[in-house]
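Coordinate inspection notes
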Amino acid sequence: MSANFSLAGRTALVTGANTGLGQAIAIALAEAGASIVAVGRSPMDETAAAITGLGRSCLSLKADLGDIAVLEPLVAEASAKAGAIDILVNNAGIIRRADALEFTEKDWDDVMDVNLKSVFFLSQAVAKRMVADERKGRIINIASLLSFQGGIRIPSYTASKSGLAGLTRLLACEWAAKGINVNAIAPGYFVTNNTAALRADPARSEAILARIPAGHWGDPKEIGGAAVFLASDAASYVHGTVLTVDGGWLAR
Ligand code: NAP
């Protein structure tokens, strides 16, 4: 059975791999045997050191994913330098907090561009090559509990993550027969930069913790197993699902 979970010989492109969940996912995929292309706007040194320390290769590519024009050249460079992409993890994401009555167009557009528009066009660029090469592939989108719930003070984030769940299902329906499994992971509340503002607010932080059946905020190390599963042969018949990794939050 362990061979079913092996990613040996596969190449995975992970966006936003310098920190947080993206870093943890890149390291977990490398632990399972994959070579990594780490993409983002900040230096990837820490992630690359961890991955090469495991004896895997890590190609770091700089890109601002808010700019759609960079996506095709990014995939071309990644494929030329690291080989064909077998696994794409659309992890990079941003959040902006303000009351809905005050929320600005810029905070709407910035979040939608990174969290939704770039995910679609990066997936399209990678999938075009997978289909042209008649190669099986995996796409894993990092969704959110806000793919299912409303939340407060994060209108563009909730819209983007709810949209991402729908996009995951649409792409699964279009691409399953072409050999590409498209799925998503919906993380609960994890300790990363994304949740720093919540954790700095004692009332919100306590209220959130009180609702998590597992009794603790997620450690980024607790997300990697779900990504390895969805990327592996063990998930060959899994298409269009949004897998929650949330300490039981949604079950409550
Ligand atoms: P994070 O530490 O803020 O990481 C976000 C990553 O996205 C960083 O690597 C960031 O790069 C990158 N990024 C943002 N905008 C980018 C851009 N324009 N171009 C390239 N890279 C960009 O937060 P995280 O929690 O690990 O977030 C990872 C994903 O998980 C996000 O999609 C987030 O919405 C989702 N998520 C997180 C939680 C949670 O509890 N933490 C819960 C549900 C969903 P920089 O470091 O350079 O900013």
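Residues numbered from 1 in each chain as written. Predicted model: local features only at pLDDT ≥ 70, side-chain atom pairs only at ≥ 80, totals over all residues. Heavy atoms only, no water.

For the chain, an unreviewed UniProt entry supplies the name 2-dehydro-3-deoxy-D-gluconate 5-dehydrogenase KduD and the organism Phreatobacter aquaticus. Looking at the Sequence similarities (unreviewed entry) heading of the UniProt record, one finds this comment for the chain: "Belongs to the short-chain dehydrogenases/reductases (SDR) family." (UniProt positions renumbered as here; feature names shortened; annotations may be inferred.)

The next subject is the site of the ligand. Surrounding the ligand, one finds 29 residues, the nearest of these being Asn18, Ser42, Asn91, Tyr157 and Thr192. Note that an oxygen atom of the ligand is positioned 3.2 Å from one of the backbone N or O atoms of Gly16. Contact between the ligand and Asn193: an oxygen atom at 3.5 Å from a side-chain N or O atom of the residue. Taken atom by atom, the bulk of the ligand overlaps the largest pocket. For the shell around the ligand, the elements supplying multiple residues, two or more each, are α1 (20-31) and α5 (155-175). In the shell around the ligand, the residues fall into twelve nonpolar, 14 polar and three charged. (Near = heavy atom within 4 Å. Polar contact = N/O pair within 3.5 Å; in protein donor to acceptor, adjacent residues only side chain to side chain. 1 Å grid on protein atoms, 1.4 Å probe; cavity = no way out; pocket = protein on both sides within 12 Å on 5 of 7 lines; lining within 4 Å. Sits in = over half its atoms within 2 Å of the grid points. Helix = DSSP H or I, 4+ residues; strand = E, 2+ residues; numbered from the N terminus. Nonpolar A, V, L, I, M, F, W, Y, C, P; charged D, E, K, R; others polar.)

Soluble, globular proteins show a tendency: their nonpolar side chains are buried together. Core analysis: the biggest nonpolar cluster contains 33 residues, and Leu7, Leu29, Ile36, Val89, Ile185 and Ile223 have the highest contact counts within it. When residues in this core are grouped by element, the largest group, seven residues, is from α1. Contact partners of Leu29, with chain neighbours within four places excluded, come to Leu7, Ala12, Val14, Ala34, Ile36, Val89, Ala227, Val228 and Ala231. Ala63, Met130, Leu171 and Ala172 belong to the second largest nonpolar core, which has 29 residues in total. (Core = buried A, V, L, I, M, F, W, Y, C linked by side-chain atoms within 4.5 Å. Buried < 20%, exposed > 50% of the residue type's maximum accessible area, 1.4 Å probe, protein only. Contact = heavy atoms within 4.5 Å.)

Moving on, we get to the packing of aromatic side chains. Tallied over the entire structure, the rule returns four aromatic pairs. Pairing Phe5 with Phe229 gives two aromatic rings, centres 6.4 Å apart and planes at 35°, and the pair type is tilted. Within this pair, whereas Phe5 is found in the segment before β1 (11-15), its partner Phe229 is found in helix α8 (residues 224-231), the two being separated by 224 residues in sequence. Given a relative accessible area of 26%, Phe229 falls into the partly exposed group. Ring geometry for Phe120 versus Phe121: centroids 4.8 Å apart, planes at 80°, classification edge-to-face. Classification of Phe120 by relative accessible area gives partly exposed; the value is 25%. For Phe121, a relative accessible area of 30% puts it in the partly exposed group. Clustering of aromatic rings is evident, with ring pairs tying together Tyr189, Trp217 and Trp249. Here the guanidinium or amino end of Arg211 rests over the ring plane of Trp249, the centre of that ring lying 4.2 Å away. (Phe/Tyr/Trp six-rings, centres within 6.5 Å; stacked < 30°, edge-to-face > 60°. Lys NZ or Arg CZ within 6 Å of the ring centre and 35° of its normal.)

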